[in-house]
Amino acid sequence: MYPKNAWYVACTPDEVQDKPLGRQICGEPLVFYRDANGQVVALEDFCPHRGAPLSLGFVRDGTLVCGYHGLEMGCGGKTLGMPGQRVGVFPAVRPYAAVERHGFIWVWPGDQAKADAALIPHLEWAESPDWAYGGGLYHIQCDYRLMIDNLMDLTHETYVHASSIGQKEIDEAPPATRVDGDEVITSRHMENISAPPFWRMALRGNGLADDVPVDRWQICRFTPPSHVMIEVGVAHAGHGGYEAPAAVKAASVVVDFITPETETSIWYFWGMARNFKPDDAELTASIREGQGKIFGEDLEMLERQQQNLLRYPERGLLKLNIDAGGVQSRQIIDRLLAAEQAATGIPVRQIA
Amino acid sequence: MYPKNAWYVACTPDEVQDKPLGRQICGEPLVFYRDANGQVVALEDFCPHRGAPLSLGFVRDGTLVCGYHGLEMGCGGKTLGMPGQRVGVFPAVRPYAAVERHGFIWVWPGDQAKADAALIPHLEWAESPDWAYGGGLYHIQCDYRLMIDNLMDLTHETYVHASSIGQKEIDEAPPATRVDGDEVITSRHMENISAPPFWRMALRGNGLADDVPVDRWQICRFTPPSHVMIEVGVAHAGHGGYEAPAAVKAASVVVDFITPETETSIWYFWGMARNFKPDDAELTASIREGQGKIFGEDLEMLERQQQNLLRYPERGLLKLNIDAGGVQSRQIIDRLLAAEQAATGIPVRQIA
Amino acid sequence: MYPKNAWYVACTPDEVQDKPLGRQICGEPLVFYRDANGQVVALEDFCPHRGAPLSLGFVRDGTLVCGYHGLEMGCGGKTLGMPGQRVGVFPAVRPYAAVERHGFIWVWPGDQAKADAALIPHLEWAESPDWAYGGGLYHIQCDYRLMIDNLMDLTHETYVHASSIGQKEIDEAPPATRVDGDEVITSRHMENISAPPFWRMALRGNGLADDVPVDRWQICRFTPPSHVMIEVGVAHAGHGGYEAPAAVKAASVVVDFITPETETSIWYFWGMARNFKPDDAELTASIREGQGKIFGEDLEMLERQQQNLLRYPERGLLKLNIDAGGVQSRQIIDRLLAAEQAATGIPVRQIA
């Protein structure tokens, strides 16, 4: 169960260049390509002629051509032409609103009449020259909500990422969670601690001493349907922590767009945006490589957790204080699902 | 759904030499081997002793021996012997009519009382010294009818095989389709065009100029249950095309035997028979290699099309003029299925 | 269907050293680890916090720690602690009786109140310096009873293991099968025959001539739930065979512990214990390697037999004299299953 009336990240611009891209989003097989103006188009990945995936075709002068028998599909889902055929009565395929913005391609899988580009979240770091961004994509076999739980409870860093960003002080600092409308914020502050290896690397990357005590913070923000932005950083201790001046800290935003593929699989777009040394491409690459390794450590845990939960569907999960971020996020998701259900008359199955 | 009272190609003679061959045909696991006279035998692949596949056994003096405990199976499906056992009351396994003819091994999966070797199609090219044949086998995850559709509408060559046999003139020449009893013929003639790469290779192979305009033809013949023979060729333009004298053309027969393994998988025996330079083994090998590559290009399309159709079982496919060959072939198949059903009382589920 | 109130071999001691081991036994996912005293502990492999597999965690000072968020699990299934949490009300996970004995780790998957370590079979060869043991583990996709059948009817050696331990005289010597309480014994004696290659190797390993006639024996003993010990050996002919003095024979015990993973898969612990040259580690390794190859020959046969039986669930298997060992063993299993069912009120489905 996932909200369908929402903007999800479907892919990155580099994935849709000359060739069409096939990708299942929220249970629907879609094809993405660029029209003659370079604008991204999303359609159902199904040729109305014989059911071939349109994503196996090609783009000719901005028109998507089926790779089986040459049907030319229009960007609105209506067939434009086919050699030797009158195509006026061909059934249309479903078009999906798609927008390229902030370095991502967004798609709206639900009611197309409700797709309003103004609802795409504003990402300040994506538009400002003061910021640099690097990221990647993982395909993971788990319910998207398990990844939200994961990101809204960073105590797991101590265990899953023990050698890079984990440290025992995370466990010892209880998080504070609050709900602000449809946003959930869970935050944790640690003072006068040693920086773990990843953050020592970031301090050095910012030209700062890495062997002095630091203050560290993690501020996780969930917004629907499944975006989690996490402000993270360290500052030399005693300068105000999160509020410390830029000259004594290394701070960044962990970016997580979690797009359901099916009920039990996701496209996980992860990345990190930073506002120090934004022009240092080598640092961007180094941070991206480090983050890729770290975030890869979650995959087996999430997939095996999913298998265990499918095996014991009747077991409830504990909802501790550290889980409050995920629990609150799921409540917002459940509210959105109920609203969609009320609008469509299709009953919603609640999953704990 | 596939007719079972029909001869299907099960394998090629080289696949059944010293060792038994296990292969599922029309949903039934079969074992093929040769008796003491070298005649091919087909049986249910199930040892009546403990259910082991007989195809894991061996052949001793023309008798199939189970590789688990040594049961000796007779060519009629009755146990001949087993060390230390009286086998008279052992349950029999089902024998299947199998005939080696025209370079293939044919099997009749249905009512054995109706298996008449005279119904095996005559293949002139297989028996005459004027012809040479080369071919291969692909295992594809699709309904056998999707492959019939594929072969009865060669407009797909323009798209799937763009670099070898495809050309835009195929699209531009509407096919003519007619039904003659249980046979469907769909044909297309193109005049005064450039030969595509595969046919330029064939012209050169036949000692003909490859850089002059040609007339090209494709005459597809479906016969039940799922055989498609396609007369294809090019002649130097203006000499009568299909009717041109042998000295100015390169012509051949594309051979397609499509044997259902399950409802959604096939054994696809493909090949090409030609009546020029039949003794040129190097040319045979070269054509076979080229055809193997070309026909391999269909696999992903067919398998992905199958997945799309399974996902949307309620969607009808378009039936355009170019699809007439497949549509008519399916009507003949449906008629055969209905006849089998009427004979057995088992209802037939029609699939569009 | 497998008895659950029984001791099964779960793993070998080397598999549970510093790290926890996850393994499914009788349909239940379990985690094994060692406590502070080195004693093996078995628990349900499910963290009560969020359902992560505990086997992905680690052991700290003899306590199992969940690798996701650091929950500390006690050896009785109750949570000992978790950073920042009061754990008193956390739901417990199920503990399983586990005992390290005779070179194996045993687990009792059923009613824990009935788990009595005194019921673990006594294995004389495992405790005496006069014996040496070598073995291994195979994971096989078949019902555990197919492996019992396999081991209680060694005529298959003639076919499956033709080049190592098989010989036609096995077929020719009818086995004698008897039931003694819950034990089934099926035995076969062959006199004045040639030793097959494996036994020639063993004779040489024991410093005996390998090119003289021998007497050979196979005495298979099934005990519930699924243990099969097989006394095997050869003696120079005419010295009493099985009863011959040690100086003229090479004898050993084939050890088979068959542990159901699911209804159609097993953990198969195989090995060989011998009481000649017990200190010759090179001989142990050589025998182990040979046995590993030989026992590996059964895998495809068992898995393909299983597939055939699943396809034709209604077909009965023949019960010949050679099958008596397996048939009798299954009757004992069925009696145990019925007793378990009577105790729990859950109906038992009998499978032939």
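Conventions and cut-offs
Residues numbered from 1 in each chain as written. Chains lettered and ligands numbered in written order. Predicted model: local features only at pLDDT ≥ 70, side-chain atom pairs only at ≥ 80, totals over all residues. Heavy atoms only, no water. Helix = DSSP H or I, 4+ residues; strand = E, 2+ residues; numbered from the N terminus. Rg over C-alpha atoms; globule rule 2.2 N^0.38 Å. Areas by Shrake-Rupley, 256 points an atom, 1.4 Å probe, with all protein chains shown as cover. Least-squares fit on C-alpha atoms with pLDDT ≥ 70 in both. Pairing = 2+ DSSP bridges. Axes fitted to C-alpha atoms, helices over the stretch in contact; angles between N-to-C directions. UniProt positions renumbered as here; feature names shortened; annotations may be inferred. Contact = heavy atoms within 4.5 Å. Buried area = accessible area lost by both parts, 1.4 Å probe. Salt bridge = Lys/Arg side-chain N within 4 Å of Asp/Glu carboxyl O. Polar contact = N/O pair within 3.5 Å; in protein donor to acceptor, adjacent residues only side chain to side chain. Buried < 20%, exposed > 50% of the residue type's maximum accessible area, 1.4 Å probe, protein only.

**Looking at the overall build of chain A**
Okay, so step 1: Within chain A, the regular secondary structure consists of eight helices and 17 strands.
Okay, so step 2: Against the 2.2 N^0.38 benchmark of 20 Å for 352 residues, chain A shows a C-alpha radius of gyration of 22 Å, consistent with a compact globule.
Okay, so step 3: Oriented by its inertia axes, the alpha-carbon framework of chain A measures out at about 75 × 50 × 35 Å.
Okay, so step 4: Of the accessible surface of chain A, which amounts to about 14100 Å², a share of 51% is contributed by carbon and sulfur atoms.

**Examining the relation of the copies chain A and chain B**
Okay, so step 1: Mapping chain A onto chain B leaves a residual RMSD of 0.0 Å; the transformation is a rotation of 120° accompanied by 0.0 Å of translation along its axis. Here the transformation between the copies is reduced to the relation of a three-fold axis. Nearest to the rotation axis, the C-alpha of Q141(A) is located 14 Å from it, this being the minimum over chain A.

**Points about the sheet that holds strand β4 (residues 40-44) of chain C**
All names here are of chain C.
Okay, so step 1: One open sheet accounts for six strands, arranged β1-β10-β9-β4-β3-β2; its pairing is antiparallel. For this open sheet the edge positions go to β1 (8-11) and β2 (21-25), each flanked by a neighbour on one side alone. Within this sheet the neighbouring strands show an average axis-to-axis angle of 35°, counted without direction.
Okay, so step 2: Across five bridges, strand β3 (residues 28-34) lies against β4 in antiparallel orientation. Each residue of the ladder has a partner; that of Y33, found in β4, is V41.

**Details of the UniProt feature "domain: Rieske" (unreviewed entry) in chain A**
Okay, so step 1: According to UniProt, the "domain: Rieske" (unreviewed entry) feature falls on residues 7-107 of chain A.
Okay, so step 2: Segment residues 7-107 of chain A splits into 0% helix and 43% strand. End C-alpha atoms: 5 Å apart.

**Some points on the interface of chain A and chain B**
Okay, so step 1: In this complex, chain A contributes 27 residues to the contact, which on the side of chain B involves 26 residues.
Okay, so step 2: With both sides pooled, the region where chain A packs onto chain B buries about 2300 Å², and carbon together with sulfur makes up 56% of that total.
Okay, so step 3: When the area that chain A buries against chain B is broken down by residue, the three leading residues are F46(A), R50(A) and Y68(A), summing to 34%.
Okay, so step 4: Scanning the region where chain A abuts chain B turns up three salt bridges.
Okay, so step 5: In this structure, D149(B) and R50(A) form a salt bridge, with 2.9 Å as the shortest nitrogen-oxygen distance.
Okay, so step 6: At the surface where chain A touches chain B, the tally comes to 12 residue pairs in polar contact (both at pLDDT 80 or more).

**Re the pattern of salt bridges**
Okay, so step 1: Taken as a whole, this structure holds 57 salt bridges over all chains when the rule is applied.
Okay, so step 2: Of the charged contacts, one joins E183(B) and R221(B) as a salt bridge, the two residues approaching to 3.7 Å between their closest N and O atoms. You can see E183(B) sitting in strand β13 (residues 183-193) and its partner R221(B) sitting in strand β14 (residues 214-223), a full 38 residues away along the chain.
Okay, so step 3: In this structure E183(B) comes out as partly exposed when scored by relative accessible area, which is 22%.
Okay, so step 4: On the basis of relative accessible area, R221(B) is assigned to the partly exposed category, the value being 27%.
Okay, so step 5: Each of the salt bridges in this network shares a partner with another, and the network as a whole consists of R50(A), D149(B), D323(B) and R330(B).

**Examining the environment of G103(A)**
All names here are of chain A.
Okay, so step 1: Of note, G103 is situated in the loop between β9 (95-101) and β10 (104-108).
Okay, so step 2: The sequence separation of G103 and F269 amounts to 166 residues, and the corresponding C-alpha distance is 12 Å.
Okay, so step 3: Leave out the neighbours within four places in its chain, and G103 touches T12 and P13.

**Some words on the pairing of strand β11 (residues 132-140) of chain A**
All names here are of chain A.
Okay, so step 1: Residues A132, G134, G136, Y138 and I140 of β11 are buried on one face, while the alternating residues Y133, G135, L137 and H139, pointing to the opposite face, are not.
Okay, so step 2: The sheet contact formed by β11 and strand β17 (residues 265-274) spans nine bridges and is antiparallel. Along β17, the bridge assignment pairs H139 with W267.

**Here's the deal with the environment of L21(B)**
Residues and elements named next belong to chain B.
Okay, so step 1: Note that L21 resides in strand β2 (residues 21-25).
Okay, so step 2: Judged by its relative accessible area of 14%, L21 is buried.
Okay, so step 3: Remark: the alpha-carbon pair of L21 and L54, spanning 33 residues in sequence, is separated by 9.1 Å.
Okay, so step 4: Once residues lying within four places of it in the same chain are set aside, the contact partners of L21 are C11, E15, V16, L30, V31, F32 and S55.

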